[in-house]
Amino acid sequence: MSAPARVLSLAGASVQVFVDSSSACLAAADAIARTIHAANGRAVLGLATGATPEPVYARLVGLHRAGELSFAGVTTYNLDEYYPISPLDPRSYRAYMHRHLFAHVDLPPNRAHVLDGTVPEAFAAEHTAQYDRWIAADGGLDLQLLGIGRNGHIGFNEPSELAVDEALKLPTRLVSLHPVTRADAAREFDGEAHVIPRALTVGVAPILAARSILVLAFGPRKAEAVAEAVRGPVTPRLPASLLQTVPGKVVWVLDEAAAKGL
Ligand code: PGA
């Protein structure tokens, strides 16, 4: 067990600050494992990709290999996927999930869901609406794992000028990536010009409907977005601030650097 150095209660959220990202990731993985155990192995999890959660998946795989955690009854829904992209493209989030989790645990392939970057564009809206129906048919998400972008995005719900009530209703859908998101993806894509500019993302509404939400952020680059999300006004210009509208559900898991502005 890894314990936070300090815990703050801010704007209805619990903010757990760890001495470093490794101990934070151990705690996040343990929280996921507890969610699975609490559901008698049948948890429905919303999963995230990116650099931040990689050690979380490593720990979950470790628990599985040690015989302490089974995914045989678990169902997962990933947050987002580039569009269009092949699932075999190593930059796809389907490939990421295969590398970091799916290939190493006993999660049934027909319950490890990732939005499909190969769906015909004319059917993208049908596909994303169906994804929301699959989540609902599974009884909703027990836990949503989230990262936060430097621009405050959650999933690929990017900053917008929408009214708050409209933003809260955003479903899973095809979106265009924000310039900050494209800049941050440049490394994976060999330069910003090559970043796939659109994506499928789980919407704000299904994210906020999860029964618990674990947001991970590490390092000084995330400190400003974290501070605005936790302490700033609720605004679709910083989508993570919309998490303040679901008090009691959200746990921020931070290292000291990401918590600097709190
Ligand atoms: P990162 O991405 O983990 O690669 O920093 C987080 C995000 O953009 O949501």
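Figured I'd write up the structure that's included with this text. Just so it is clear, the model here is predicted, and its values are computed rather than measured. (Residues numbered from 1 in each chain as written. Predicted model: local features only at pLDDT ≥ 70, side-chain atom pairs only at ≥ 80, totals over all residues. Heavy atoms only, no water.)

Bringing the nonpolar core into the picture now. Grouped burial of nonpolar side chains is what soluble globular proteins tend to show. Core analysis: the largest hydrophobic core is formed by 46 residues, its most contacted members being Ile-32, Leu-60, Phe-71, Tyr-82 and Leu-101. Broken down by secondary-structure element, the contributors of at least two residues to this core are helix 1 (21-38), strand 3 (44-47), helix 2 (54-65), helix 3 (93-100), strand 7 (143-146) and strand 10 (213-217). Broken down by element, the residue count for this core peaks at nine residues, all from helix 1. Sequence-distant contacts of Phe-71, defined by excluding residues within four places in its chain, comprise Ile-36, Leu-60, His-64, Leu-101, Val-105, Asp-106, Leu-107 and Pro-108. Counting residues in hydrophobic clusters, the runner-up holds 43 residues, among them Leu-141, Ala-210, Ala-225 and Leu-254. (Core = buried A, V, L, I, M, F, W, Y, C linked by side-chain atoms within 4.5 Å. Buried < 20%, exposed > 50% of the residue type's maximum accessible area, 1.4 Å probe, protein only. Helix = DSSP H or I, 4+ residues; strand = E, 2+ residues; numbered from the N terminus. Contact = heavy atoms within 4.5 Å.)

Taken together, Gly-50, Ala-51, Thr-52, Gly-147, Ile-148, Gly-149, His-153 and Lys-222 form the complete shell of residues around the ligand. Between the ligand and Ala-51 there is a distance of 3.0 Å, counted from an oxygen atom to a backbone nitrogen or oxygen. Within the side chain of His-153, an N or O atom sits 2.6 Å from an oxygen atom of the ligand. For the ligand, whose unbound accessible area comes to 280 Å², protein coverage reaches 72%. Assessed atom by atom at 2 Å from the grid points, the ligand resides in the largest pocket. (Near = heavy atom within 4 Å. Polar contact = N/O pair within 3.5 Å; in protein donor to acceptor, adjacent residues only side chain to side chain. Areas by Shrake-Rupley, 256 points an atom, 1.4 Å probe, with all protein chains shown as cover. 1 Å grid on protein atoms, 1.4 Å probe; cavity = no way out; pocket = protein on both sides within 12 Å on 5 of 7 lines; lining within 4 Å. Sits in = over half its atoms within 2 Å of the grid points.)

So, on to the pairing of strand 3. Taking every second residue as pointing to the same face, both faces of strand 3 are buried, with Val-44 and Gly-46 on one and Leu-45 and Leu-47 on the other. Sheet topology places strand 3 next to strand 4 (residues 75-78); four bridges connect them, and they run parallel. Bridge pairing links Val-44 to Thr-75 in strand 4. The parallel pair strand 3 and strand 4, bridged by helix 2, forms a crossover whose chirality is right-handed. Bridge count for strand 3 against strand 7 is two bridges, and the pairing is parallel. Residue pairing in the sheet places Gly-46 in a bridge with Gln-144 of strand 7. (Pairing = 2+ DSSP bridges. Right-handed = clockwise from strand over helix to strand, strands pointing away.)

Within the structure shown, the criterion is met by two cavities of 30 Å³ or more. Reported here for the largest cavity is a volume of approximately 50 Å³. Residue assignment for the lining of the largest cavity shows that the elements contributing at least two residues are helix 8 (223-231) and strand 11 (250-255). Taken as a whole, the second largest cavity holds about 40 Å³ of empty space. Around the second largest cavity, the lining residues are Asn-157, Glu-158, Ser-160, Ala-167, Leu-170, Val-204, Pro-236, Pro-239 and Leu-242. Considered class by class, the residues forming the lining of the second largest cavity number six nonpolar, two polar and one charged. (Points joined across faces, edges and corners; volume = space filled by probe spheres on them. Nonpolar A, V, L, I, M, F, W, Y, C, P; charged D, E, K, R; others polar.)

Once that is clear, we can look at the pattern of salt bridges. Using the criterion set out here, one finds eight salt bridges in the structure. Its salt-bridge partner being Arg-6, residue Glu-256 comes within 2.8 Å of it at the nearest N-O pair. One end of the pair, Glu-256, is in the segment after strand 11; the other, Arg-6, is in strand 1 (residues 6-10), and 250 residues separate them in sequence. Its relative accessible area of 33% is what places Arg-6 among the partly exposed residues. (Salt bridge = Lys/Arg side-chain N within 4 Å of Asp/Glu carboxyl O.)

Evaluation of the coordinates by the stated rule reveals seven aromatic pairs. For the pair Tyr-57 and Tyr-96, a centre-to-centre distance of 6.3 Å together with 80° between the ring planes defines the contact as edge-to-face. With Tyr-57 in helix 2 and Tyr-96 in helix 3, this pair connects stretches of sequence that are 39 residues apart. Taken as a pair, Tyr-57 and Tyr-96 share a single burial class, namely buried. Aromatic side chains Tyr-77 and Tyr-131 sit 5.4 Å apart centroid to centroid with 90° between the ring planes, which places their arrangement in the edge-to-face category. On the criterion of sequence distance, the pair formed by Tyr-77 in strand 4 and Tyr-131 in helix 4 (residues 124-137) is long-range, its members being 54 residues apart. Across this residue pair, the class does not change: Tyr-77 and Tyr-131 are buried. Here the aromatic cluster, defined as three or more aromatic residues joined through ring pairs, consists of Tyr-82, Tyr-93, Phe-156 and Phe-189. (Phe/Tyr/Trp six-rings, centres within 6.5 Å; stacked < 30°, edge-to-face > 60°.)

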